[in-house]
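Inside the fold
In case you want the letters, here they are:
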Amino acid sequence: MEFNHKPVLLEECIEGLNIQEGKIYVDGTLGGAGHSYEIAKKLNRYRLINRN
């Protein structure tokens, strides 16, 4: 079975975060890291910590 994930309220979350360089963002959602991916796309430098 192939994993398929669609983040919920992705656009609204990204807009509400007002992502800026030098800030720290934590994606505490469970799923396929769709929110983390979108956050990272808006930053030049980032570190993603994922605890399973």
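See the structure shown above.
Below: a short report on this structure. (Residues numbered from 1 in each chain as written. Predicted model: local features only at pLDDT ≥ 70, side-chain atom pairs only at ≥ 80, totals over all residues. Heavy atoms only, no water.)

1. Points about helix α2 (residues 34-41)
The periodicity of an α-helix, 3.6 residues per turn, causes residues three or four positions apart to be oriented the same way. Within α2, six of the eight residues are buried, leaving the element largely enclosed by the surrounding structure. Taken together, the buried positions of α2 are Gly 34, His 35, Ser 36, Glu 38, Ile 39 and Ala 40. Residues of α2 that are buried in the fold lie against α1 (10-17). (Buried < 20%, exposed > 50% of the residue type's maximum accessible area, 1.4 Å probe, protein only. Helix = DSSP H or I, 4+ residues; strand = E, 2+ residues; numbered from the N terminus. Contact = heavy atoms within 4.5 Å.)

2. Focus on the nonpolar core
Ranked by size, the top nonpolar core spans five residues in total: Leu 10, Ile 14, Ile 19, Ile 39 and Leu 43. Beyond its immediate sequence surroundings of up to four residues, Leu 43 is in contact with Ile 19, Gln 20, Glu 21 and Tyr 25. (Core = buried A, V, L, I, M, F, W, Y, C linked by side-chain atoms within 4.5 Å.)

3. Considering the packing of α1 against α2
One way to put it is that α1 packs onto α2 with a least axis distance of 10 Å and a crossing angle of 45°. What the angle tells us is that α1 and α2 run oblique. Between α1 and α2 lies a crossing of right-handed hand. Residues Leu 10, Cys 13, Ile 14 and Leu 17 of α1 touch α2, and the partners they reach there are Gly 34, His 35, Glu 38 and Ile 39. (Axes fitted to C-alpha atoms, helices over the stretch in contact; angles between N-to-C directions. Parallel < 35°, antiparallel > 145°, perpendicular 65-115°, else oblique. Left-handed = near helix turned anticlockwise from the far one by under 90°.)

4. Focus on the environment of Leu 17
Tracing the sequence through the fold places Leu 17 in helix α1. Sequence-distant contacts of Leu 17, defined by excluding residues within four places in its chain, comprise Tyr 25 and Ile 39.

5. A few points about the pattern of salt bridges
If you walk through the whole model with that rule in mind, you get one salt bridge. The residue Glu 38 makes a salt bridge to Lys 41 at a minimum N-O spacing of 3.2 Å. One end of the pair, Glu 38, and the other, Lys 41, are both in helix α2, three residues apart, so they sit about a helical turn from each other. (Salt bridge = Lys/Arg side-chain N within 4 Å of Asp/Glu carboxyl O.)

6. Some remarks on the environment of Asn 44
On the secondary structure map, Asn 44 appears in the segment after α2. A relative accessible area of 70% places Asn 44 in the exposed class. The sequence separation of Asn 44 and Gln 20 amounts to 24 residues, and the corresponding C-alpha distance is 9.9 Å.

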